[in-house]
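Structural overview for review
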Amino acid sequence: MKKNKMYHLVCGILIISAAASISVSAGTAKRKVKPVTRYNTAETAAATQTATQAQEKKTAVAQNGVYHLSENSKYRPYLWKNADGSAPDYKAYVFEPKVFNGHTVFVDPGHGDNSAPEANQKREKYYPVDDSLLKSMKTSMVGAKAYGVGVEARDSKNVYDKTETEPEFSLKVALKLKDLLINNGYRVVMSRTDFNQNISNGARSAIAGETSDIMVSIHSNTGKNSGTLSFYPGDSDYISGSTYPGYTNIMGLTKSNVELSKKLAENMESNITMTTGLKNKGTHSAVLRIFSYSSIPTCLVEVGFADNATDAKILSTKKDAIATSMANAIDQYFNK
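Notes on the structure in this doc start here. Keep in mind the model is a prediction, meaning the values are calculated, not measured.

Thresholds, definitions, all that
- Residues numbered from 1 in each chain as written.
- Predicted model: local features only at pLDDT ≥ 70, side-chain atom pairs only at ≥ 80, totals over all residues.
- Heavy atoms only, no water.
- Helix = DSSP H or I, 4+ residues; strand = E, 2+ residues; numbered from the N terminus.
- Buried < 20%, exposed > 50% of the residue type's maximum accessible area, 1.4 Å probe, protein only.
- Contact = heavy atoms within 4.5 Å.
- Areas by Shrake-Rupley, 256 points an atom, 1.4 Å probe, with all protein chains shown as cover.
- Phe/Tyr/Trp six-rings, centres within 6.5 Å; stacked < 30°, edge-to-face > 60°.
- Expected span 1.5 Å × (residues − 1).
- Polar contact = N/O pair within 3.5 Å; in protein donor to acceptor, adjacent residues only side chain to side chain.
- Pairing = 2+ DSSP bridges.
- Axes fitted to C-alpha atoms, helices over the stretch in contact; angles between N-to-C directions.
- Left-handed = near helix turned anticlockwise from the far one by under 90°.
- Nonpolar A, V, L, I, M, F, W, Y, C, P; charged D, E, K, R; others polar.
- Salt bridge = Lys/Arg side-chain N within 4 Å of Asp/Glu carboxyl O.

When helices and strands are counted, the protein shows seven helices and 15 strands. The proportion of buried residues among the 336 residues of the protein is 60%. Partitioning the contacts of the protein with sequence separation of at least 6, the portion at a separation of at least 24 is 80%. Counting only carbon and sulfur atoms, one obtains 50% of the accessible surface of the protein, whose full area is about 13,300 Å².

Quick look at the structure:
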């Protein structure tokens, strides 16, 4: 398979160039919690790490189950904007278990409402840093070229049932995964919970860093190929076949963050393929926008190829098995 020609990854905005350095704490430690009031009951809410060496804490509070990106987030200047230039309400949805096991998981159903006009307008920066920091990376993504679409629309149908798009598939699996995780005691934060929602890849990742311990982004693939691919952040970009020395350093991704992201991605890859029968196409490092805005261990999973008849049938008919395998992978990550 030619990595950059034989298939087209449907994993949101693909970053095809690279970057160099800001100070961001990878934040792999378990979040501290403190009581807050929601629905008139006492609950706990995840605290977030700021992107400073001092790792100053601030509380991430959900109002009526909705979390809003903090006003002083360092990522705000670089995130997807409305057509009129105003900032949308960057928000996610928080679900509490009856008994909290101490871990919060950000579940991201890839993409979103394909009819939203915002989906194809160029307003989000590829790398959430000033262009001056990118010189050593020799990236072309600077100046006017530094901005891409907030999140791409994916309208192609699953070839098995010819009705389901990638945003629909990813949401259905994510909702099943959310229920399984809650039953296992995890707090779950979701980037979207309905088909008519959309949020940029950068905003998803920025909110995940403020609320959660790990992030899993769920996708399906196209490109006349077959099998499961999982990705974690790294300087070597499997998708383009290029290497961008310094990318993880500039994005503030520590060695520990990268190693934990790889562990999470490997767990996803092995569990999904073992459970579903999909081909194991390996775990690979990649340079993706959703990784660039990350401050916690994160992985992106292309579960299977929706334009391959064998894969498409599994994607359409084995969503419970896919979600269960992902829940098992998360349990393994936390050694549960």
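Here the focus is the packing of aromatic side chains. Where two aromatic rings form a pair, the distance of their centres and the angle of their planes describe that pair. Tallied over the entire structure, the rule returns five aromatic pairs. Here Tyr75 and Tyr293 contribute two aromatic rings whose centre-to-centre distance is 5.4 Å and whose plane-to-plane angle is 45 degrees, an arrangement assigned as tilted. Of the two residues, Tyr75 is situated in the loop between β4 (66–68) and β5 (91–95) and Tyr293 in the loop between α5 (289–292) and β15 (298–305); the sequence distance between them amounts to 218 residues. Neither Tyr75 nor Tyr293 differs from the other in exposure class; each is buried.

Once that is clear, we can look at helix α2 (residues 201–211). Most of α2 is tucked away, with 11 of its 11 residues classed as buried. Taken together, the buried positions of α2 are occupied by Asn201, Gly202, Ala203, Arg204, Ser205, Ala206, Ile207, Ala208, Gly209, Glu210 and Thr211.

This next bit is on helix α1 (residues 166–183). Taking 1.5 Å as the rise per residue, α1 with 18 residues should run 26 Å; its terminal C-alpha atoms sit 26 Å apart, in good agreement. What α1 keeps buried is the set Glu166, Pro167, Phe169, Ser170, Leu171, Val173, Ala174, Leu177, Lys178, Leu181 and Ile182. Positive phi appears at Gly185, one or two residues downstream of α1, with a value of about 95 degrees.

Moving on, we get to unusual backbone geometry. Here the phi dihedral of Asn64 falls at roughly 55 degrees; this positive angle occurs in a residue that is not glycine. Here Asn64 shows up in the loop between β3 (57–59) and β4. Backbone geometry places His111, a non-glycine residue, at a positive phi of 65 degrees. Within the fold, His111 resides in the loop between β6 (104–109) and β7 (122–125). In this structure His111 comes out as buried when scored by relative accessible area, which is 0%.

Take Arg187: it is sitting in strand β9 (residues 187–190). There is a polar contact of 3.0 Å between the side chain of Arg187 and the side chain of Glu96.

Overall, mixed pairing links the eight strands, which are arranged β4-β5-β9-β6-β10-β15-β11-β14 in an open sheet. Every interior strand has two partners, whereas the edge strands, β4 and β14 (280–286), have only one. Here the average twist between neighbouring strands, direction ignored, is 25 degrees. Of the pairings in the sheet, the one linking β6 to β9 comprises four bridges and is parallel in character. In the strand pairing of β9, Phe106 is matched with Val189. Of the strands in this sheet, β10 (214–221) and β15 are in contact with helix α6 (residues 309–317), which crosses β15 at around 115 degrees.

Glancing now at the side chain of Ser316. Relative to the elements of secondary structure, Ser316 occurs in helix α6. With sequence-adjacent residues up to four places away left out, Ser316 is seen in contact with Asn158, Tyr160, Asp161 and Glu164.

For the pair helix α4 (residues 255–276) and helix α7 (residues 319–333), the least separation of the axes is 8 Å and the interaxial angle reads 145 degrees. Helix-helix and strand crossings are classified by hand; for α4 and α7 the assignment is right-handed. Here Leu260, Lys263, Leu264, Asn267, Met268, Asn271, Ile272, Thr275 and Thr276 of α4 lie close against α7, whose contacting residues are Ala321, Ile322, Ser325, Met326, Asn328, Ala329, Ile330, Gln332 and Tyr333. Taken together, the residues that form the contact of α4 with α7 break down as 10 nonpolar, seven polar and one charged.

A few words now on the pattern of salt bridges. Under the criterion given, the structure shown has 10 salt bridges. Residues Arg289 and Glu124 are paired through a salt bridge, measuring 3.5 Å at the closest nitrogen-oxygen approach. Of this pair, Arg289 sits in helix α5 while Glu124 is found in strand β7, placing the two residues 165 residues apart along the sequence. For Arg289, a relative accessible area of 0% gives the class buried. Lys172 is the salt-bridge partner of Glu164, the closest N and O atoms lying 2.9 Å from each other. Exposure remark for Glu164: the relative accessible area of 4% places this residue in the buried category. With relative accessibility at 34%, the residue Lys172 sits in the partly exposed group.

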